[in-house]
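Here is how the chains run, residue by residue.
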Amino acid sequence: EDLLPVLADIGIMGAPARKMDPEKGKPVAVPGCKIFVGGRIGEDAHLAEEPYVTGIPLAKEDLLPVLVDIMKKEFGARDKAPVVEEDLVVIDE
């Protein structure tokens with residue numbers, strides 16, 4: 001079975017990270033990642049070779065804000081408007 005390379009707009013690769021430990025009062029090693037952005041498909045296909053950012057802890061409170069920021073800056077993403085209860089349509093069954 002042939003394996004095909006995967007190309008994505010955002011790639012995440014495991015890497016070391018440090019995060020402040022409030023009990024110890026200093027940064028400690030935690031599971032982390034490097035984030036790559038970009039690449040190209042087609043005749044001149046290539047992956048992003050340099051990380052966009054490194055040393056991001058994998059905890060969702062650390063990783064998700066970084067991913068959201070990248071999506072906004074690089075891909076034009078915007079925050080979704082909050083749902084207002086009176087705007088909801090209720091369908092009786």
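Structure: above.
Here the structure is a predicted model, which is why all the values come from computation and not from measurement. The numbers attached to residues start from 1 for each chain and follow its sequence in the written order. Totals for whole chains, interfaces and linings use every residue, but because this is a predicted model, local features are given only for residues with pLDDT of at least 70 and side-chain atom pairs only at 80 or more, for both listing and counting. To get the side-chain values, take all heavy atoms of the structure and skip hydrogens and water.

Draft legend 1. Here's a closer look at the overall build of the protein. Secondary structure counts use DSSP, requiring at least four H or I residues in a row for a helix and at least two E residues in a row for a strand, with both numbered from the N terminus. Per the secondary structure count, the protein includes one helix and five strands. Put simply, the protein runs from its N terminus to its C terminus through helices and strands in the order β-β-β-β-β-α. Burial here depends on accessible area, computed with a 1.4 Å probe over protein chains only, as a share of the maximum for the residue type. Under 20% is buried, over 50% is exposed, and the range in between is partly exposed. Expressed as a percentage of the 93 residues in the protein, the buried residues total 15%. Pairs of residues are marked as contacts when any of their non-hydrogen atoms sit within 4.5 Å. A separation of at least 24 residues holds for 41% of the contacts in the protein among residues at least 6 apart in sequence. What sets the accessible areas is the Shrake-Rupley method with a 1.4 Å probe; for residues, cover comes only from the shown protein chains. Summing over all exposed atoms, the protein offers an accessible surface of approximately 8000 Å²; the carbon and sulfur share of this is 55%.

Draft legend 2. Representation of the nonpolar core within the structure. One finds Cys33, Ile35, Val37, Ile56, Leu63, Leu67 and Ile70 forming the largest nonpolar core, which totals seven residues. Among the secondary structure elements, those contributing two or more residues to this core are strand S2 (26-37) and helix H1 (60-75). Not counting the four nearest positions on each side in its chain, isoleucine 56 is found in contact with Ala17, Pro31, Gly32, Cys33, Ile35, Asp62, Leu63 and Val66. Think of a nonpolar core as a cluster: buried Ala, Val, Leu, Ile, Met, Phe, Trp, Tyr and Cys residues, connected wherever their side-chain atoms sit within 4.5 Å.

Draft legend 3. Summary view of the pairing of strand S1 (residues 10-21). A pair of strands is labelled paired if DSSP reports no fewer than 2 bridges between them. The sheet contact formed by S1 and S2 spans twelve bridges and is antiparallel. Directly across from lysine 19, in S2, lies its bridge partner valine 28. Two successive antiparallel strands, S1 and S2, enclose a turn made up of four residues, where glycine 25 displays a positive phi of approximately 70°.

Draft legend 4. Quick look at the sheet that holds strand S5 (residues 53-57). Ordered in space as S1-S2-S5, the three strands form an open sheet in which the pairing is antiparallel. Strands at the two margins of the open sheet, each flanked by one partner only, are S1 and S5. Looking at each pair of strands side by side, their axes are set apart by 35° on average, direction ignored. Interaxial angle, 0 to 180 degrees, is taken between N-to-C directions of lines fitted to C-alpha atoms, where a helix line uses only the stretch in contact. Taken strand by strand, H1 contacts S1, S2 and S5, and its axis lies near 30° from that of S2.

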